[in-house]
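Fold and geometry: a report
So the chains spell out like this:
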Amino acid sequence: MTHALIVIDVQNDFCPGGALAVPEGDIIVPGINALMDQADAVVLTQDWHPAGHSSFASSHEGAVPYEVIDMPYGPQVLWPDHCIQGSTGAAFHTDLNVTRADMIVRKGYRSAIDSYSAFFENDQTTPTGLEGYLRTRGITQLTLVGLATDFCVNFSAVDAAKLGFDVTVRSDLCGAIDLNGSLGAAQEGMKAAGVKLD
Ligand code: VGL
Ligand code: ZN
């Protein structure tokens, strides 16, 4: 079995001091770096939004961060502006071993649609290309780590399991936003999809 480590969105804006900080989001970095040695392939994902992205509360008159609105593709949480293409907030945490990465997948780069999952945008149909990359490299087994457990890690893990990959989420190397019980719901959803939670 060929194994890939998928590192989700370990970027400054999701770490303490960032625009959408996960509490202690940075403490997982040394553990993630240590796991890279055991993987046949290392993939990093990078949330990568144009300014004025439709997932930002600031793009909707009268809206405030963390409210949910209806988008053509379904409900969407509105976020503070974050991970703007080329900004310091969008850069990987400086201690993350980016040298070891074989592939960097950027997502959320289309203004009209968000993309939590590393595999599909939030319409659940537009592919990012990661599935094809992994399959053509013969990778069947995935370990997911990173930020945030209840959003991008969750959506990526569930999609990967649906696509038939053998998926483990290392919860100890993830960090959650936890909005209105989203962490508990994510854990249940991942288990139901056949994701192993370590
Ligand atoms: C994420 C909210 C908005 C994540 C990205 O990486 O989990 N969450 N954009
Ligand atoms: Zn985002």
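Data block above holds the structure.
This is a predicted model, so every value here is computed, not measured.

**Remarks on the site of ligand 1**
In the neighbourhood of ligand 1, the contacting residues comprise Asp-9, Phe-14, Leu-20, Asp-47, Trp-79, His-82, Leu-147, Ala-148, Phe-151 and Cys-152. Between ligand 1 and Asp-47 there is a distance of 3.1 Å, counted from a nitrogen atom to a side-chain nitrogen or oxygen. In this structure, His-82 approaches ligand 1 through a side-chain N or O atom, which is 3.1 Å from a nitrogen atom. In isolation ligand 1 exposes 260 Å². Once the protein is present, 100% of that is buried. In this structure the site holding ligand 1 corresponds to the largest cavity. Of the residues assigned to the shell around ligand 1, the class counts are 7 nonpolar, 1 polar and 2 charged.

**Things to note about the layout of surface pockets**
Empty space within the largest pocket amounts to approximately 320 Å³. Surrounding the largest pocket, 17 residues form its lining, Pro-75, Val-77, Tyr-116, Phe-151 and Phe-155 being those nearest its centre. At the level of secondary structure, the elements contributing two or more residues to the lining of the largest pocket comprise β4 (74-77), α3 (149-162) and α4 (182-192). When the residues that make up the lining of the largest pocket are grouped by side-chain class, the tally is 9 nonpolar, 7 polar and 1 charged.

**Observations regarding the environment of Val-153**
With respect to the helices and strands, Val-153 occurs in helix α3. Owing to a relative accessible area of 0%, Val-153 belongs among the buried residues under this scheme. Separated by 18 residues in sequence, Val-153 and Ser-171 have C-alpha atoms that sit 9.7 Å apart. Dropping the residues within four chain positions of it, Val-153 is found in contact with Ile-8, Leu-144, Val-145, Gly-146, Leu-147, Ala-148, Val-169 and Cys-174.

**So, the nonpolar core**
Within the largest apolar cluster, 57 residues are counted, with the highest numbers of intra-cluster contacts made by Val-7, Ile-32, Leu-96, Phe-119, Leu-134 and Leu-142. Among the elements of the structure, β1 (2-8), α1 (29-36), β2 (41-47), α2 (130-136), β6 (139-147), α3, β7 (166-175) and α4 are those that each provide at least two residues to this core. A per-element tally of this core places α3 first, with 7 residues. Not counting the four nearest positions on each side in its chain, Ile-32 is found in contact with Leu-5, Val-7, Val-10, Leu-96, Val-145, Gly-146 and Leu-173. Formed by 5 residues, the second largest nonpolar core is a distinct cluster that contains Ala-57, Ala-63, Ile-69 and Leu-78.

**A short note on the side chain of Gln-76**
Here Gln-76 lies in strand β4. Taking relative accessible area as the criterion, Gln-76 reaches 1% and is therefore assigned buried. Reaching out from Gln-76, the side chain makes a polar contact with the side chain of Tyr-73 at a distance of 2.8 Å.

**Considering the coordination of the zinc ion (ligand 2)**
Protein ligation of the zinc ion (ligand 2) involves Asp-47 (OD), His-49 (NE2) and His-82 (NE2), the donor distances falling in the range 2.0 to 2.2 Å. Considering all 4 donor atoms around the zinc ion (ligand 2), the spread of angles at the metal, 88 to 168°, places the coordination shape in the irregular class. In terms of primary sequence, the donors binding the zinc ion (ligand 2) are separated according to D-x1-H-x32-H. Considered together, Asp-47 and His-49 belong to a single accessibility category, that of buried residues.

The rules behind the values
- Residues numbered from 1 in each chain as written.
- Chains lettered and ligands numbered in written order.
- Predicted model: local features only at pLDDT ≥ 70, side-chain atom pairs only at ≥ 80, totals over all residues.
- Heavy atoms only, no water.
- Near = heavy atom within 4 Å.
- Polar contact = N/O pair within 3.5 Å; in protein donor to acceptor, adjacent residues only side chain to side chain.
- Areas by Shrake-Rupley, 256 points an atom, 1.4 Å probe, with all protein chains shown as cover.
- 1 Å grid on protein atoms, 1.4 Å probe; cavity = no way out; pocket = protein on both sides within 12 Å on 5 of 7 lines; lining within 4 Å.
- Sits in = over half its atoms within 2 Å of the grid points.
- Nonpolar A, V, L, I, M, F, W, Y, C, P; charged D, E, K, R; others polar.
- Points joined across faces, edges and corners; volume = space filled by probe spheres on them.
- Helix = DSSP H or I, 4+ residues; strand = E, 2+ residues; numbered from the N terminus.
- Buried < 20%, exposed > 50% of the residue type's maximum accessible area, 1.4 Å probe, protein only.
- Contact = heavy atoms within 4.5 Å.
- Core = buried A, V, L, I, M, F, W, Y, C linked by side-chain atoms within 4.5 Å.
- Donors = N, O, S within 2.8 Å, 3.2 Å for Na, K, Ca; no water.
- Tetrahedral: all angles 85-135°; square planar, octahedral: opposite > 155°, others 65-115°.

Keep in mind these values describe shape, not function.
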